[in-house]
Amino acid sequence: MLKVGLTGGIGAGKSEVSRLLVEHGAVLIDADRIAREVVAPGTPGLAAVTEAFGPEVLAADGSLDRPGLGSIVFADPARLAVLNSIVHPLVGARSRELESAAADDAVVVHDVPLLAENGLAQLYDVVVVVDTAPETQLDRLTRLRGMTEEDARARMAAQATREKRLEIADIVIDNDVPLDALRQRVGEVWADLQRRARSSGPGERNASTK
């Protein structure tokens, strides 16, 4: 099994890259999706978040008001740390469960938005960073996701810098390109990951190929 950590700043297009990798045959473990699951109604995770932040972070149907909570934590690093201390252990436990169910020869891609921020690079055999210019991120967040510029900038500022992400990268995927070019690059990366899966033992960081 080759364990791949896939990361990138908000709005970098990491979800599209993960989708393309799955088309090639990767097993995807999506930390964002799991983060939603562990705070679903009725879960201990949601109870802990509500206790920490108050009932005002709940929507009318009892689910987590994610945009409302986001507007609180992304403007306050201390409160963001509290949220992370609740959610991250739950996400980690569920991710390990899913990984253990994958085939021995699988290329398992962990889609982890905060990989650089939380110092998780050494957990993976290969780290792939989806890279875009900050101006591209801001445009996508405001134009495609409907965020205000203030909210978008706050979320970007709460993440690692572009430079910090690139420092931990074994492979970089430039996503300031048309979709056809991105597809071609992901195909090249997939071939590289398959080669690494055949040649590397478990738990070894591969040599950098940026």
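Residues numbered from 1 in each chain as written. Predicted model: local features only at pLDDT ≥ 70, side-chain atom pairs only at ≥ 80, totals over all residues. Heavy atoms only, no water.

Student: Residue-level account of the pattern of salt bridges, with values.
Tutor: Under the criterion given, the structure shown has 13 salt bridges. Across the salt bridge formed by Arg 143 and Asp 139, the nearest N and O atoms sit 2.8 Å from each other. With Arg 143 and Asp 139 both in helix 6 (residues 134-143), this residue pair falls four residues apart, about one helical turn. In this structure, the salt-bridge partner of Asp 192 is Arg 196, at a minimum N-O distance of 3.0 Å. Placement of both Asp 192 and Arg 196 in helix 9 (residues 179-199) is noted, with a separation of four residues, approximately one turn of the helix. (Salt bridge = Lys/Arg side-chain N within 4 Å of Asp/Glu carboxyl O. Helix = DSSP H or I, 4+ residues; strand = E, 2+ residues; numbered from the N terminus.)

Student: Give a detailed account of the pairing of strand 3 (residues 107-111), specifying residues and quantitative values.
Tutor: Across the five residues of strand 3, five count as buried, placing the element largely inside the fold. Alternating positions in strand 3 separate into two faces, Val 107, Val 109 and Asp 111 on one and Val 108 and His 110 on the other, with burial throughout. Pairing of strand 1 (residues 2-8) with strand 3, which is carried by five bridges, proceeds in the parallel orientation. Bridging across to strand 3, Val 4 finds its partner in Val 109. Relative to strand 3, strand 2 (residues 27-30) runs parallel, the two being bridged by four bridges. (Buried < 20%, exposed > 50% of the residue type's maximum accessible area, 1.4 Å probe, protein only. Pairing = 2+ DSSP bridges.)

Student: Outline the nonpolar core, listing residues and values.
Tutor: Val 49, Phe 53, Leu 64, Leu 69, Leu 83, Val 87 and Val 91 are the most contacted members of the largest nonpolar core, which has 21 residues in total. Among the secondary structure elements, those contributing two or more residues to this core are helix 2 (31-37), helix 3 (44-53), helix 4 (66-73) and helix 5 (77-100). Here this core takes five residues from helix 5, the largest share from any one element. Setting aside residues no more than four positions away along its own chain, Val 91 makes contact with Ala 31, Ile 34, Ala 35 and Val 38. (Core = buried A, V, L, I, M, F, W, Y, C linked by side-chain atoms within 4.5 Å. Contact = heavy atoms within 4.5 Å.)

Student: Explain the environment of Pro 55 to me, and be specific about the residues and the numbers.
Tutor: With respect to the helices and strands, Pro 55 occurs in the loop between helix 3 and helix 4. Its relative accessible area of 60% is what places Pro 55 among the exposed residues. Through-space distance from the C-alpha of Pro 55 to that of Asp 104 is 44 Å; in sequence the pair is 49 residues apart.

Student: Describe the side chain of Asp 125, with residues and values.
Tutor: Relative to the elements of secondary structure, Asp 125 occurs in the loop between strand 3 and strand 4 (126-131). Buried Asp 125, no salt bridge; nearest opposite-charge side chain is Lys 3, N-O distance 5.8 Å. Polar side-chain contacts of Asp 125 include one of 2.7 Å to the backbone nitrogen of Lys 3. (Lys, Arg positive; Asp, Glu negative; His and termini not counted. Polar contact = N/O pair within 3.5 Å; in protein donor to acceptor, adjacent residues only side chain to side chain.)

Student: So what's going on with the UniProt feature "binding site: ATP" (unreviewed entry) in the protein? Which residues, and what values?
Tutor: According to UniProt, the positions carrying the feature "binding site: ATP" (unreviewed entry) are Gly 11, Ala 12, Gly 13, Lys 14, Ser 15 and Glu 16. Its place among the elements puts Gly 11 in the loop between strand 1 and helix 1 (14-24). Among all residues touching Gly 11, those that are not within four sequence positions of it are Gln 137, Arg 140, Leu 141 and Arg 145. By secondary structure assignment, the location of Lys 14 is in helix 1. A relative accessible area of 9% means that Lys 14 is categorised as buried. (UniProt positions renumbered as here; feature names shortened; annotations may be inferred.)

Student: So, the packing of helix 1 against helix 9: which residues are in play, and what are the values?
Tutor: Put simply, helix 1 and helix 9 touch, their axes get as near as 10 Å, and they point 55 degrees apart. In terms of axis orientation, helix 1 runs oblique to helix 9. In this structure, helix 1 meets helix 9 at a crossing whose hand is right-handed. Residues Glu 16, Val 17, Leu 20, Leu 21 and His 24 of helix 1 form the contact with helix 9, whose participating residues are Leu 179, Leu 182, Arg 183, Val 186, Gly 187, Trp 190 and Leu 193. In the contact of helix 1 with helix 9, the residues fall into eight nonpolar, two polar and two charged. (Axes fitted to C-alpha atoms, helices over the stretch in contact; angles between N-to-C directions. Parallel < 35°, antiparallel > 145°, perpendicular 65-115°, else oblique. Left-handed = near helix turned anticlockwise from the far one by under 90°. Nonpolar A, V, L, I, M, F, W, Y, C, P; charged D, E, K, R; others polar.)

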